[in-house]
Amino acid sequence: MQDQFQRQIDYLRISVTDRCNLRCKYCMPSQGVAWMPHEDILTFEEILRLMRLSTQLGFHRFRITGGEPLVRRGILEFLSKGSQIPGVDDLMLTTNGLLLSEMAFDLKAAGVRRVNISLDTMNPERFAEITRGGDVSKVIQGIFRSLEAGLKPVKVNVVVVRDFNTQDLPGFLTLAKQYPIHIRFIELMPIGSSSERRSDFVPIQEMKELLGIKQYVPSKEILGGGPAEYFQLRDFKGSIGFISALSRHFCSTCNRIRLTPDGKLRPCLHSKLEIDLREALRNGSSDQDLLDIVAQAVWRKPAEHHMNEEALQGQRIMSQIGG
Ligand code: SAM
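About the cut-offs
- Residues numbered from 1 in each chain as written.
- Predicted model: local features only at pLDDT ≥ 70, side-chain atom pairs only at ≥ 80, totals over all residues.
- Heavy atoms only, no water.
- Helix = DSSP H or I, 4+ residues; strand = E, 2+ residues; numbered from the N terminus.
- Salt bridge = Lys/Arg side-chain N within 4 Å of Asp/Glu carboxyl O.
- Buried < 20%, exposed > 50% of the residue type's maximum accessible area, 1.4 Å probe, protein only.
- Pairing = 2+ DSSP bridges.
- Right-handed = clockwise from strand over helix to strand, strands pointing away.

## Points about unusual backbone geometry
With an omega dihedral of 0°, the bond running from Lys-152 to Pro-153 counts as a cis peptide bond. By secondary structure assignment, the location of Pro-153 is in the loop between helix H5 (136-149) and strand E5 (154-160). Located in the positive-phi region is Arg-132, a residue other than glycine, with phi close to 55°. One non-glycine residue, Asp-235, adopts positive backbone phi at about 65°.

Given below as structure tokens:
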């Protein structure tokens, strides 16, 4: 369906849990976060009902995220049911990759088409440091297992943080050169526990210089219609791209809304506007009532975000929003 600014909104990102098996420094505060109580989190049946209904409004692309979606019990059965809903044309997953080496083939069998894997550095010490204890070798195994399983495309998301992983960026070029892996370098957003440390921010122009590539030739190939700008590099099996979280250049083509684990619709990642669906799901509301709420969320999607100006402190962390 169209929003009031004539954008076609057909993409729903669903955060199925706020739990995660990593504690990334820029995402979570060191003291941890209070997890949502289980009863507040939508059941898979509730999410499947919403997916079925939203296809009636023209949604046909669904990304499952979190927290870490693969830690939620029953995730494979949920994905399998979700992928069989008529109108669900593209079911995708965003994961930290820790469980992918065990689950990639099962995900493919469940109907997941593609995966985005978050990996900020391939250096074992620095990975353990930023994730507060994660094992990078598991993530790397998971990436290759996803390629073997035929999940396509496999994208790797690298959030660039000053004085942490800037020296590791060129290493990702090797991965994109040798394998059909699409690396996206992402600007750190002022959200979660990184909302106050703007000195960590590295703009895309600087990332491009750090990569040491002389000339960037924009790629004509569109990989998923998202906010990334891709570049083609000679003799590369994969590609590289950049995502500017702060720039508003993609608001005019933004095609998505988000569902939080506790059943709130967020028309824009960077706005405080939330529309509750859980109450309606649990009080016996009709399908039409639910459709009206989703349609209202689409309609109220802001024209653009104001993340540069707005302090987002005190807001939810990414896992609760559905990063
Ligand atoms: N656990 C899954 C994963 O790691 O991909 C899905 C959820 S995670 C919150 C989604 C993505 O948000 C990750 O790629 C993470 O790096 C990114 N993220 C979290 N905080 C961010 C921030 N302040 N700026 C940019 N990206 C951020």
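There is more to say after this.
## Considering the pattern of salt bridges
One pass over the full model with this rule turns up 16 salt bridges. The partner of Lys-81 in a salt bridge is Glu-45, and the shortest N-O contact between them spans 3.5 Å. You can see Lys-81 sitting in helix H2 (residues 75-83) and its partner Glu-45 sitting in helix H1 (residues 44-56), a full 36 residues away along the chain. For Glu-45, a relative accessible area of 46% translates into the label partly exposed. Between Arg-113 and Asp-90 there is a salt bridge, and its shortest N-O distance comes to 3.7 Å. Linking Arg-113 in the loop between helix H3 (100-109) and strand E4 (114-118) with Asp-90 in strand E3 (residues 90-95), this pair joins segments that are 23 residues apart in sequence. Owing to a relative accessible area of 8%, Asp-90 belongs among the buried residues under this scheme. Members of the salt-bridge network, linked through shared partners, are Glu-45, Glu-77 and Lys-81.

## Structural notes on the pairing of strand E1 (residues 11-15)
Of all 5 residues in E1, 5 are buried; the element is thus mostly enclosed. Residues Tyr-11, Arg-13 and Ser-15 line one face of E1 and the alternating positions Leu-12 and Ile-14 line the opposite face, and both faces are buried. As defined by bridge partners, E1 adjoins strand E2 (residues 61-65) across 5 bridges and the pair is classed as parallel. Its bridge partner lying in E2, Ser-15 is registered against Thr-65. You can see the chain leave E1, run along H1 and come back into E2, and the turn it takes is right-handed. By the bridge criterion, 4 bridges tie E1 to strand E10 (residues 256-259) in an arrangement that is parallel. Its bridge partner lying in E10, Arg-13 is registered against Arg-258.

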